[in-house]
Amino acid sequence: MEEKKLTMKDYVVETPACVEKNLAMGPALTERLVEEYVKKDYRRVVVVASGSSNNGSVCARPFMHKLLKKEVKVVSPFAFSYFEEFDENDFIVVCSQSGRSTNAIEAAQKIKDKGLPVISLVGNLNSDLTEMSDVGLEWGVGIEKVGYVTKGVVSLALYFMVFALEAAKKQGLIDESGYDFWRGEMAKSMTAHKELQASALTFIEKHQKQLLSMDNVWIVSAGSNMGTATEGALKIGETIHIHATAYETEEFLHGPVFPITPNYTVFVIDSNNAASPRIHAVWEACKKVTDRAYLITDSDMEGDDVIRAKTHLAEEVQPLAYLAVCPLLAEYASETLQTLPGIHPLYREFSKVVEIKTPKRDA
């Protein structure tokens, strides 16, 4: 029997079960990384990651900063290798879901060359990055066969959140009630994730023509959901093969908005916090120009142009739920339009010049 072709939608649907399992085993899953972190009083946490791993780390950064009470920096491997200064006072973690990203391997080598321990976090321990690491860890995603990863982003964000929670508890930075509160919010996020799945699928049914004729897409947000926005833009761009860009809400107004026409599509992500009035105003302003302006929220707002969860979450954990939306929209449009096989033939020449992954290993 021919094996069923898996899609991003399949992995989005699988995500709540993965998160619930990893949250239940969270202390054990993150124990080694916590042990490494509490060995000394580090100046800051530096996460080195690219693509979706970078976005997942950015999603977790506000939570990590809040609980660890330290600067948390997420930097691309290229910037880390060529432009960043670091030393033994930095707690550095190199992330790559495949463990094969050449830029992550280069960053790890730079750490090694400086005489510092290489701590890596991967989706597959059978990898080149793990092999060169002093501490090689896996974050609990399993093998995600679709290259445009979805479950991996959410599970990575969760891993870093659980790590921060367990480390904060061990260092006495949070009491038992605070610990229980945040574990409860993480668990609740999967209720919101399922609600956003359902809302997104209803949205797709009502907006098929708009989704199948997108050309230029902006995703606008702020705060904890900036990682959600950049991941959404990445998913839409790499699967539908159209231009998609994420902007911080206020920065969007200072130049990027000027090309807007009725043909532009804008997704505005609302974290339902003190910044919401401004975010809603930007959404309303976009609707004056284009009928393709939509809101993603867990507020009480409703309408055909709103994708919403009924479960409200603390904004630091909202990305765990909100990350469900854009992959579902991208999967629908890319599968319907059959864009995934449609990479321009000259890209093959491009890929011969610039390699981004080491060869796959046997499972």
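That block above? That's the structure.
Residues numbered from 1 in each chain as written. Predicted model: local features only at pLDDT ≥ 70, side-chain atom pairs only at ≥ 80, totals over all residues. Heavy atoms only, no water.

Caption draft 1: Here's a closer look at the sheet that holds strand 3 (residues 90-96). Spatial ordering of the open sheet is given by 2-1-3-4-5, a layout of 5 strands whose pairing is parallel. Edge positions in the sheet fall to strand 2 (71-75) and strand 5 (135-138), since each has one partner strand and no second. The sheet shows a mean angle of 20° between the axes of neighbouring strands, taken without regard to direction. Where strand 4 (residues 119-122) and strand 5 come together, 4 bridges link them in parallel fashion. By the bridge assignment, Leu 121 is partnered in strand 5 with Leu 137. Helix-sheet contacts for helix 2 (residues 26-37) involve strand 1 (44-48), strand 3, strand 4 and strand 5, and the interaxial angle to strand 5 is about 145°. Contacts from helix 3 (residues 51-68) reach strand 1, strand 2 and strand 3 within the one sheet, and its direction differs from that of strand 2 by about 175°. (Pairing = 2+ DSSP bridges. Helix = DSSP H or I, 4+ residues; strand = E, 2+ residues; numbered from the N terminus. Axes fitted to C-alpha atoms, helices over the stretch in contact; angles between N-to-C directions. Contact = heavy atoms within 4.5 Å.)

Caption draft 2: Structural context of the environment of Asp 270. Inspection of the secondary structure puts Asp 270 in the loop between strand 8 (265-269) and helix 12 (276-287). A residue is classified by how much of its surface remains accessible, and Asp 270, at 0% relative accessible area, is buried. Sequence-wise, Asp 270 and Glu 315 are 45 residues apart; in three dimensions their C-alpha atoms are separated by 9.8 Å. Here Asp 270 is in contact with Ser 276, Ile 279, His 280, Leu 295, Ile 296, Thr 297, Asp 298, Ser 299 and Tyr 322, once residues within four sequence places are set aside. In terms of polar contacts, Asp 270 uses its side chain to reach the backbone amide nitrogen of Asn 272, at 2.8 Å. (Buried < 20%, exposed > 50% of the residue type's maximum accessible area, 1.4 Å probe, protein only. Polar contact = N/O pair within 3.5 Å; in protein donor to acceptor, adjacent residues only side chain to side chain.)

Caption draft 3: Examining the state of the cysteines more closely. If you walk through the whole model with that rule in mind, you get 0 disulfides. With no disulfide of its own, Cys 18 has Cys 59 as its nearest cysteine by sulfur position, at a separation of 15 Å. Of the residues examined, Cys 18 reaches a relative accessible area of 8% and is grouped as buried. Just so you know, Cys 95 is unpaired, no disulfide at all, and the nearest cysteine sulfur is the one on Cys 59, 13 Å from it. (Disulfide = S-S within 2.5 Å.)

Caption draft 4: Fine view of the sheet that holds strand 8. Judged by pairing direction, the sheet is parallel, and its 5 strands sit side by side in the order 7-6-8-9-10 without closing on themselves. Since the sheet does not close on itself, it has two edges, and those belong to strand 7 (243-248) and strand 10 (306-308), each with one partner. Ignoring strand direction, the axes of neighbouring strands in this sheet form an average angle of 15°. Alignment of strand 6 (residues 216-221) against strand 7, held across 6 bridges, turns out to be parallel.

Caption draft 5: Region of the structure containing the nonpolar core. Ranked by internal contacts, the top residues of the largest apolar core, which has 88 residues, are Phe 160, Phe 163, Met 186 and Phe 267. Dropping the residues within four chain positions of it, Phe 163 is found in contact with Thr 30, Leu 33, Val 34, Tyr 37, Met 64, Leu 68 and Phe 91. (Core = buried A, V, L, I, M, F, W, Y, C linked by side-chain atoms within 4.5 Å.)

Caption draft 6: Region of interest: unusual backbone geometry. Phi is positive for His 241, which is not a glycine, with a value near 65°. With respect to the helices and strands, His 241 occurs in the loop between helix 10 (226-240) and strand 7. His 241 sits in the partly exposed class, given a relative accessible area of 32%.

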